[in-house]
Amino acid sequence: MPLVPTAPDHFGADEFCASCQICTRSCPPGAITESKQLIRGVERWYVNFDKCIPFFAEAASCGICIAECPWTRPDVRPKLLSTMAKRIRP
Ligand code: SF4
Ligand code: SF4
């Protein structure tokens, strides 16, 4: 089926992360940067695995960043989605 390309749908995820920063603050070794970094020519949210992996290995597990992210909480996620959707399509 031929598809017609359209502009990306801007949902505001980058802005959300830029003001949230919960994972950045909760990471014990400080592996998650506060802003996007230029990685191989592309701006990306960045986890420094040279900091993450040694901590993860020493603690035999981690995942604090994932557990603390509001988007991983089933009771919070629907409200966040609805709030963000209203912002772009009031
Ligand atoms: S898994 Fe742990 S150490 Fe690695 S980035 Fe997440 S919080 Fe930081
Ligand atoms: S905790 Fe989740 S929503 Fe908050 S900055 Fe990190 S990835 Fe983004």
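Structure shown above.
Calculation criteria
Residues numbered from 1 in each chain as written. Chains lettered and ligands numbered in written order. Predicted model: local features only at pLDDT ≥ 70, side-chain atom pairs only at ≥ 80, totals over all residues. Heavy atoms only, no water. Near = heavy atom within 4 Å. Nonpolar A, V, L, I, M, F, W, Y, C, P; charged D, E, K, R; others polar. Salt bridge = Lys/Arg side-chain N within 4 Å of Asp/Glu carboxyl O. Helix = DSSP H or I, 4+ residues; strand = E, 2+ residues; numbered from the N terminus. Buried < 20%, exposed > 50% of the residue type's maximum accessible area, 1.4 Å probe, protein only. Phe/Tyr/Trp six-rings, centres within 6.5 Å; stacked < 30°, edge-to-face > 60°.

Draft legend 1. Inspection of the site of ligand 1 at higher detail. The full set of residues close to ligand 1 is Cys27, Pro28, Pro29, Ile32, Val47, Cys52, Phe55, Cys62, Gly63, Ile64 and Cys65. Class assignment of the residues belonging to the shell around ligand 1 gives a composition of 10 nonpolar, one polar and no charged.

Draft legend 2. Structural context of the pattern of salt bridges. One pass over the full model with this rule turns up one salt bridge. Measuring nitrogen to oxygen at the nearest pair gives 2.8 Å for the salt bridge that ties Asp14 to Lys36. On the criterion of sequence distance, the pair formed by Asp14 in helix H1 (residues 13–20) and Lys36 in the loop between helix H2 (22–26) and strand S1 (37–39) is long-range, its members being 22 residues apart. Taking relative accessible area as the criterion, Lys36 reaches 26% and is therefore assigned partly exposed.

Draft legend 3. Highlighting the site of ligand 2. Near ligand 2, the surroundings consist of Phe16, Cys17, Cys20, Gln21, Ile22, Cys23, Cys69, Pro70 and Trp71. Listing elements by their share of the shell around ligand 2, those giving two or more residues are H1 and H2. It is H1 that provides the largest number of residues to the shell around ligand 2, a total of three residues. Residue classes in the shell around ligand 2 are distributed as eight nonpolar, one polar and no charged.

Draft legend 4. Layout of the packing of aromatic side chains. The tally for this structure, following the rule as stated, stands at one aromatic pair. Aromatic side chains Phe16 and Trp71 sit 5.5 Å apart centroid to centroid with 65 degrees between the ring planes, which places their arrangement in the edge-to-face category. On the criterion of sequence distance, the pair formed by Phe16 in helix H1 and Trp71 in the loop between helix H4 (64–68) and helix H5 (77–88) is long-range, its members being 55 residues apart. Owing to a relative accessible area of 24%, Trp71 belongs among the partly exposed residues under this scheme.

Shape descriptors only; they carry no functional weight alone.
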